[in-house]
Amino acid sequence: MTMPHTPGDAQALEDQLGAVLRQMPDPSGGPVAAELERELAKAFGVPHAVAVASGTAALHAALSACGIGPGDEVLVPALTVVMTVAPLHALGATPVFVDSDPATLDLDYDDAARKVTSRTRAIIPVHLWGRMGNPANLTSFATEHDLDVVEDAAQAAGTTRDGQRPGTTGTAGCFSMKDGKILWSGEGGFLLTTHHEVAKHARAFRSHWQQPPAGEAPLTRLATNSRLAAPLAAIALANLRRISHLVELRQEQTRRVLHALEQTPAPGLAGLTPAAGEEWNGFAPLLHIDLPNPRAFAEHLAQHGVPNSTGSFRLVPCDTRPMFTSPDRPCRGAAQILDHTLAVVLTERDTDATLDRYAAVIAREATAWAP
């Protein structure tokens, strides 16, 4: 059974927002964002958290703090969304797309090694659907090639792998708090880091360098306006204080959908299980599609009211997007993963009836599928 909302959740959020609204207008943004940062750092076990306006803004600030700029190359999995890559374009750097292993969903490190050049400065692992790659392999690869690691952990809050939390493996870890994420604030994001200099840079970068690190003059660098608005910080803080419940809720929702499909078998579909040592946050029920024209099947489900990554949002390997296409080096593993994975989109408001309907539609349409 799907877990109910914790009693008092709505009232706690209203109280938090009310306190912030009574302090507005406040050009400084008030104290709530700083309070959120302290609690994020404590929750993830790192010294520094920096709240920003979106997950993309977190990546932008983190990559800037790593010194990424024109002429630099950064390894990025093709198994990601455009939002991961956009900050590289803004900084003048070049994304180099790396394939993924269909058996594990992790990076294909052999492919990554082939694509390292003298200009490669960093790697951005992406924990799509909350699934976290092997942190030991990532650390070993980055160390061997002297690369900064900036994790795109947008969907991974609540996952761990071999005891390692997402966003804590490398130089910085970046998260989104857009609606639909487990830790949400409507819109927003944050970055985590163990590096004091990275945190100082990110705080200056999010505010047009108006409050620069010690020893630097204000407004001496071009940066961004990507502060997290106080009301959104208040929502994030209220949700952070119930993050364990939110993770457990998503995990239970995902288990319910997958269990229903085990009880009413859907031909050509099989649930994907976490890796050894991975405590998965259950971000989305994941099923391998072994049906003719699997992408068309995902689109068909979307038309029948089952939202999913490829069918509803037409997720494709990022290296095939028009602005990035490099036909001589296609990432076929990433394409295989996306073509054959059904990732059902959930939110905490999905009821048992909604989840059961998703499972029933999936089973019914898989049985009748004849493209």
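Predicted, not measured: the structure shown is a model, and the values here were computed from it.

Caption draft 1: Structural view of the overall build of the chain. Secondary structure assignment for the chain yields 13 helices and 12 strands. At 21 Å, the chain has a C-alpha radius of gyration in line with the 21 Å of a compact globule built from 371 residues. Buried positions account for 53% of the 371 residues belonging to the chain. In the chain, once contacts between residues fewer than 6 apart in sequence are set aside, the share between residues at least 24 apart is 68%. As presented, the chain carries roughly 16,200 Å² of accessible surface, and 54% of it is formed by carbon and sulfur atoms.

Caption draft 2: A look at the sheet that holds strand S12 (residues 341-343). Here we have 3 strands laid out as an open sheet, ordered S9-S11-S12, and antiparallel in their pairing. Looking at strand neighbours, the two that pair on one side only are strand S9 (269-271) and S12, the edges of this open sheet. Ignoring strand direction, the axes of neighbouring strands in this sheet form an average angle of 30°. Summarising the sheet, strand S11 (residues 286-289) and S12 pair through 3 bridges and their orientation is antiparallel. Residue His288 lies in a different strand from S12, and its bridge partner there is Thr341.

Caption draft 3: Main features of unusual backbone geometry. Although it is not a glycine, Trp129 sits at a positive phi angle of roughly 60°. Positive phi outside glycine occurs at Trp209, with the angle close to 60°. Residue Trp209 is classed as buried on the basis of its relative accessible area, which comes to 1%.

Caption draft 4: Focus on the side chain of Thr341. Structurally, Thr341 can be placed in strand S12. One polar contact links the side chain of Thr341 to the main-chain carbonyl oxygen of Ile337, over a distance of 2.6 Å. Once residues within four sequence positions are removed from consideration, Thr341 is found in contact with Trp129, Leu272, Leu286, Leu287, Ile289 and Thr310.

Caption draft 5: Here's a closer look at the packing of helix H10 (residues 294-303) against helix H13 (residues 352-368). Relative to each other, H10 and H13 sit at 135°, their axes nearing to 11 Å. Considered as vectors, H10 and H13 are oriented oblique to each other. When you trace H10 past H13, the crossing you get is right-handed. Only Val361, Ile362, Glu365 and Ala366 of H13 make contact with H10, whose side of the interface consists of Phe297, His300 and Leu301. Residue composition of the contact of H10 with H13, by class: 5 nonpolar, 1 polar and 1 charged.

Caption draft 6: Just the nonpolar core, in detail. Of all hydrophobic cores here, the largest spans 75 residues; its most connected members are Leu36, Ile68, Leu88 and Trp129. Contacts of Leu36, omitting those with residues within four sequence positions, involve Ala51, Met177, Leu228, Ala233, Ala236, Leu237 and Leu240. Judged by nonpolar contacts, the second largest core, of 23 residues, contains Leu291, Val306, Ala366 and Trp369.

Thresholds, definitions, all that
- Residues numbered from 1 in each chain as written.
- Predicted model: local features only at pLDDT ≥ 70, side-chain atom pairs only at ≥ 80, totals over all residues.
- Heavy atoms only, no water.
- Helix = DSSP H or I, 4+ residues; strand = E, 2+ residues; numbered from the N terminus.
- Rg over C-alpha atoms; globule rule 2.2 N^0.38 Å.
- Buried < 20%, exposed > 50% of the residue type's maximum accessible area, 1.4 Å probe, protein only.
- Contact = heavy atoms within 4.5 Å.
- Areas by Shrake-Rupley, 256 points an atom, 1.4 Å probe, with all protein chains shown as cover.
- Pairing = 2+ DSSP bridges.
- Axes fitted to C-alpha atoms, helices over the stretch in contact; angles between N-to-C directions.
- Polar contact = N/O pair within 3.5 Å; in protein donor to acceptor, adjacent residues only side chain to side chain.
- Parallel < 35°, antiparallel > 145°, perpendicular 65-115°, else oblique.
- Left-handed = near helix turned anticlockwise from the far one by under 90°.
- Nonpolar A, V, L, I, M, F, W, Y, C, P; charged D, E, K, R; others polar.
- Core = buried A, V, L, I, M, F, W, Y, C linked by side-chain atoms within 4.5 Å.

Nothing here speaks to function; it is all geometry.
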